[in-house]
Amino acid sequence: MPSRFFRVFPVAVFATVVALHAADKKPAPPAAVDPYTEVQPAHETVDLDMYQRIRDEGLNHSHVMEFAEALTDGIGPRLTGSPNLMKANEWTRDTLTKIGLKNAHLEDWGEFGMGWQQLNTWARMVTPDTAVLILQATPWSPSTAGPITGDVVSVTIKSEGDFDKYKGKLAGKIVLYGPMRDVPPVDKALFERYTEQQLEEIAQFPVSAGSGGISPERMARIKAYIQRLKLVDKVAQFFADEKVAAVIEPSRDGENGGGSGGTLFDDNGATLGRQPYLADHKVNVPVAVAAIESYGRLYRLVEAHVPVTVQIDIETKFTGDHEHGYNTVAEIPGTDPKLKDQVVMLGGHLDSWIAGTGATDNGAGTVVAMEAVRILETLGVKPRRTIRIALWTGEEQGLFGSKGYCTQHFGSAKLSDAPDQKAMPEFLRRRVGPLEVKPEQKLISAYFNVDNGSGKIRGVYLQGNAAVAPIFKAWIAPLKDLGVTTLSMRDTGGTDHLSFDAVGIPGFQFIQDDLDYESRTHHSNEDVYERLQPSDLKQIATVEAIFVYNAAMRDDMIPRKPLPNPEAENKANEPLDIMPGAVPTGKDDKE
């Protein structure tokens, strides 16, 4: 999943409701209830006997680590478009069939871009001393022409004016791109669980000082991020034009100084290009990201005017220019004649980055969803509504899999074509109405997502859905001994529940203990099986199975927020223009 920075940007796609399909014959089902007007019961009923059965199966007879080992060790990193991801799609489809689910299949969400694999990357300092460097290729980097040796130079480009300083000076060089960052001491724990005080703070709803729910500080970060994106493609092309031999970038830091000690992060932030997976945006120079200690020694020597040479070999493989992305989908069919066409969904994203094996991001979310449906299938549950598991791909590049699924099945809204909007990443662009909703949209009761690492569930982000609070309060009351206590009205962003929320379907992400997710494992070479916590994963799968069971069995669908309306929301955020004496400028200041 994207980092915390991106989790705060919900992907807003909006819709208008249309009628359900005409009633089938023999016999005709009852008239469909509009889920936006359905009256909820005054008191929520929970089946404590089923709670006990699910707890016993999930906590005492778990198979979640078998799923985890097969996915992370047996398949490995699963970059979108790669052969490994297709292998994971096929393995999840076949495994879900093996454990008893029905209609397990792959759904094509559309063309993604170039398929790519890292085969081998290594580097060493040759002079003034010999040293092994810790680094990996950045995704979609081309190969070097075998092992190459070059002089090392340092390049810092922060604005258009910086290019002239380096013209004609970089041919055949190995470029250190970017200044040396600070490396703070690790004086806080890299592995943390939420305290009761922190959970109480999460339960409090923060009121933003900015317009549209975005604080001025956050808006400043958005603008800085967009400015960086505008420059990065030009930097990549400049290096190619100057015929540099290779580029080495410094790894970013993690929370609490976790990005040190040989840990490196290899994701969108390291990639020298905004959309390097597209053939017409291909990066034409080999690029690697180095652990900060490896980068630091090279950088300090170069800054001290000591001649430095490095030998580097980046070996990668492109597997196609027009690879498609697929989601894995399977079901436990509903049994109630009146409700079986309605659906409760759960899932997580199957794709990962490349530095590790995608264990905590989001192998964890994948295997607990698989374990949750295994628990229900093993117990012989006959759900009233259909239970559908979906394992998404392309999440790391922009929620592509879940958005594609929601567009195909439930609805979508157009993106603004204004010039300033087209320059932004898709997830930041304004949506413009009207939202077009398909008949299936009314049939989805809720979607439950796990994508915050290996930490146990502590509660649920309600995504601003006030009507669901008393329902979930009743659901979590028997789970207090498992640590599930907190309901927060806050939105949380950056992962696949947003695709459902954006088309008017209740989509929820669970609150999870952070552990070492943000400090050490998120998109890093430490995102491996050893960072998974078996007891936490058992708890997650058990809790998720209970939530899915409750939603599938209750008389009513999960209550919905008002249907999103992009036109009305955009208008509501416009300034009132009430300043006395203000002179209209004629300039459109919307961003």
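Each remark here, short or long, concerns the structure printed above.
Residues numbered from 1 in each chain as written. Predicted model: local features only at pLDDT ≥ 70, side-chain atom pairs only at ≥ 80, totals over all residues. Heavy atoms only, no water.

What follows covers the overall build of the protein. Helix and strand counts for the protein stand at 15 helices and 16 strands. Taking 2.2 N^0.38 as the reference for a compact globule, 591 residues should give roughly 25 Å; the C-alpha atoms of the protein span a radius of gyration of 25 Å, in line with that estimate. Once the C-alpha set of the protein is aligned to its principal axes, its extents read approximately 80 × 70 × 50 Å. Considering the protein as a whole, with its 591 residues, one finds that 54% of them fall into the buried category. Taking the contacts inside the protein whose residues are at least 6 apart along the sequence as the reference set, 86% of them involve residues at least 24 apart. In the form shown here, the protein has an accessible surface area of approximately 25100 Å², with 53% of it arising from carbon and sulfur atoms. Between the centroid of the 62 positive side chains of the protein and the centroid of its 80 negative side chains there is a distance of 2 Å. (Helix = DSSP H or I, 4+ residues; strand = E, 2+ residues; numbered from the N terminus. Rg over C-alpha atoms; globule rule 2.2 N^0.38 Å. Buried < 20%, exposed > 50% of the residue type's maximum accessible area, 1.4 Å probe, protein only. Contact = heavy atoms within 4.5 Å. Areas by Shrake-Rupley, 256 points an atom, 1.4 Å probe, with all protein chains shown as cover. Lys, Arg positive; Asp, Glu negative; His and termini not counted. Charge placed at Lys NZ, Arg CZ, Asp CG, Glu CD.)

Take the environment of threonine 45 next. Of note, threonine 45 is situated in the loop between helix 1 (4-7) and helix 2 (48-60). Placed 278 residues apart in sequence, threonine 45 and glutamate 323 show a C-alpha to C-alpha distance of 47 Å.

This structure, assessed with the given rule, holds 27 aromatic pairs. Plain terms: the ring middles of phenylalanine 472 and phenylalanine 547 are 5.3 Å apart, the flat faces sit at 70° to each other, and that makes the pair edge-to-face. You can see phenylalanine 472 sitting in helix 11 (residues 469-476) and its partner phenylalanine 547 sitting in helix 14 (residues 534-553), a full 75 residues away along the chain. The exposure class assigned to phenylalanine 547 is buried, which follows from its relative accessible area of 0%. Its guanidinium or amino end placed over the ring of phenylalanine 318, lysine 282 lies 4.3 Å from that ring's centre, counting from NZ or CZ. Sitting over the face of the ring of tyrosine 36, arginine 560 holds its NZ or CZ atom 5.2 Å from the ring centroid. (Phe/Tyr/Trp six-rings, centres within 6.5 Å; stacked < 30°, edge-to-face > 60°. Lys NZ or Arg CZ within 6 Å of the ring centre and 35° of its normal.)

Closest axis-to-axis distance for the helix 3 (residues 64-72)/helix 8 (residues 359-378) pair is 9 Å, and the angle between their directions is 135°. As judged from the angle between their axes, helix 3 and helix 8 are oblique. Relative to helix 8, the crossing made by helix 3 is right-handed. The residues of helix 8 that touch helix 3, namely those facing Val64, Phe67, Ala68, Leu71 and Thr72, are Ala359, Gly363, Thr366, Val367, Val368, Met370, Glu371 and Arg374. Looking at side-chain class alone, the contact of helix 3 with helix 8 contains eight nonpolar, three polar and two charged residues. (Axes fitted to C-alpha atoms, helices over the stretch in contact; angles between N-to-C directions. Parallel < 35°, antiparallel > 145°, perpendicular 65-115°, else oblique. Left-handed = near helix turned anticlockwise from the far one by under 90°. Nonpolar A, V, L, I, M, F, W, Y, C, P; charged D, E, K, R; others polar.)

When the terminal C-alpha atoms of helix 6 (residues 216-241) are compared, their 38 Å separation across 26 residues agrees well with the 38 Å that a helix rising 1.5 Å per residue should span. When we look at burial in helix 6, the residues that qualify are Ile222, Tyr225, Ile226, Leu229, Leu231, Val232, Val235, Ala236, Phe238 and Phe239. Positive backbone phi, approximately 60°, marks lysine 243, located one or two places after helix 6. (Expected span 1.5 Å × (residues − 1).)

These results come straight from atomic positions and should not be treated as a statement about function.
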